[in-house]
Amino acid sequence: QVQLVESGGGLVQAGSSLRLSCTGASSAYFMGWFRQAPGKEREFVAAISWSGGTTDYADSVKDRFAISRDNAQNTVTLQMTGLKPEDTAVYSCAAGRNFWSERRVPGQYEYWGQGTQVTVAS
């Protein structure tokens, strides 16, 4: 059983930075961050491979967000910079075991955290 716990969300001004953390991220899993805004579908944000050697980003966050992991600490981090009001959402981390090729698909992830709210004021 994998228990994922996110932290680091909050209310910030546009242009600010936030650092989200997800604990419980075993190296047996590739990890993803997703977000969901009110009235919208869950959206892929970023993913990192088991070793951390490969990453993937949604076009909307590329060059602003950075995903990393520390397998010794079982932690995955999402560093967010240049935040925009449209980044406002509940951010969740997720653990997937096998299909890296499907890393952008929520259904490929086996475990999910409870989410942390990120609100960006204009």
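Note that the coordinates shown come from a computational prediction; the quantities given were computed from them, not determined experimentally.

### Some words on the nonpolar core
Item 1. Formed by 37 residues in total, the largest nonpolar core has its most connected members in M31, W33, L78, M80 and Y91.
Item 2. At the level of elements, strand 3 (18-23), strand 4 (30-36), strand 5 (43-48), strand 7 (65-70), strand 8 (75-80), strand 9 (89-96) and strand 11 (116-121) are the ones that each hand at least two residues to this core.
Item 3. For M80, the residues in contact, after removing those within four places along its chain, are S16, S17, L18, L20, R64, F65, Y91 and V118.

### Re the pairing of strand 4
Item 1. When you tally the buried positions in strand 4, you get 6 out of 7 residues, the bulk of the element.
Item 2. Relative to strand 9, strand 4 runs antiparallel, the two being bridged by 7 bridges. The partner of F34 across the bridge, within strand 9, is S92.
Item 3. Where strand 4 meets strand 5, 5 bridges bridge the pair, whose relative direction is antiparallel. Paired with W33 across the strands is A46, a residue of strand 5.
Item 4. The loop that links strand 4 with its antiparallel partner strand 5 comprises 6 residues; one of these, G39, has a positive phi angle of about 80°.

### Some points on the environment of W33
Item 1. As for its placement among the helices and strands, W33 is situated in strand 4.
Item 2. For W33, a relative accessible area of 0% translates into the label buried.

### A closer look at the packing of aromatic side chains
Item 1. Counting across every chain of the model gives 9 aromatic pairs.
Item 2. When the ring of Y29 is compared with that of Y111, the centres are 5.8 Å apart and the planes differ by 85°; the resulting orientation is edge-to-face. Here Y29 is found in the loop between strand 3 and strand 4, whereas its partner Y111 is found in strand 10 (residues 111-112), with 82 residues between them in sequence. In this structure, Y29 and Y111 share a single accessibility class: buried.
Item 3. Between the aromatic rings of F30 and W50, the centroid separation amounts to 5.4 Å while the plane-to-plane angle is 80°, which identifies the pairing as edge-to-face. With a gap of 20 residues between them, F30 in strand 4 and W50 in the loop between strand 5 and strand 6 (55-57) connect regions that are remote in the sequence.

### Details of the sheet that holds strand 3
Item 1. Ordered by their spatial adjacency, 4 strands build an open sheet running 1-3-8-7, and the pairing between neighbours is antiparallel. Strands with a single pairing partner mark the edges of an open sheet, and in this sheet they are strand 1 (5-7) and strand 7. Strand-to-strand twist across the sheet, computed as the mean angle between neighbouring axes with direction ignored, equals 15°.
Item 2. Sheet topology note: the strand 1/strand 3 ladder contains 3 bridges and is antiparallel. Along strand 3, the bridge assignment pairs E6 with C22.

What counts, and where the lines are drawn
Residues numbered from 1 in each chain as written. Predicted model: local features only at pLDDT ≥ 70, side-chain atom pairs only at ≥ 80, totals over all residues. Heavy atoms only, no water. Core = buried A, V, L, I, M, F, W, Y, C linked by side-chain atoms within 4.5 Å. Buried < 20%, exposed > 50% of the residue type's maximum accessible area, 1.4 Å probe, protein only. Helix = DSSP H or I, 4+ residues; strand = E, 2+ residues; numbered from the N terminus. Contact = heavy atoms within 4.5 Å. Pairing = 2+ DSSP bridges. Phe/Tyr/Trp six-rings, centres within 6.5 Å; stacked < 30°, edge-to-face > 60°. Axes fitted to C-alpha atoms, helices over the stretch in contact; angles between N-to-C directions.

These results come straight from atomic positions and should not be treated as a statement about function.
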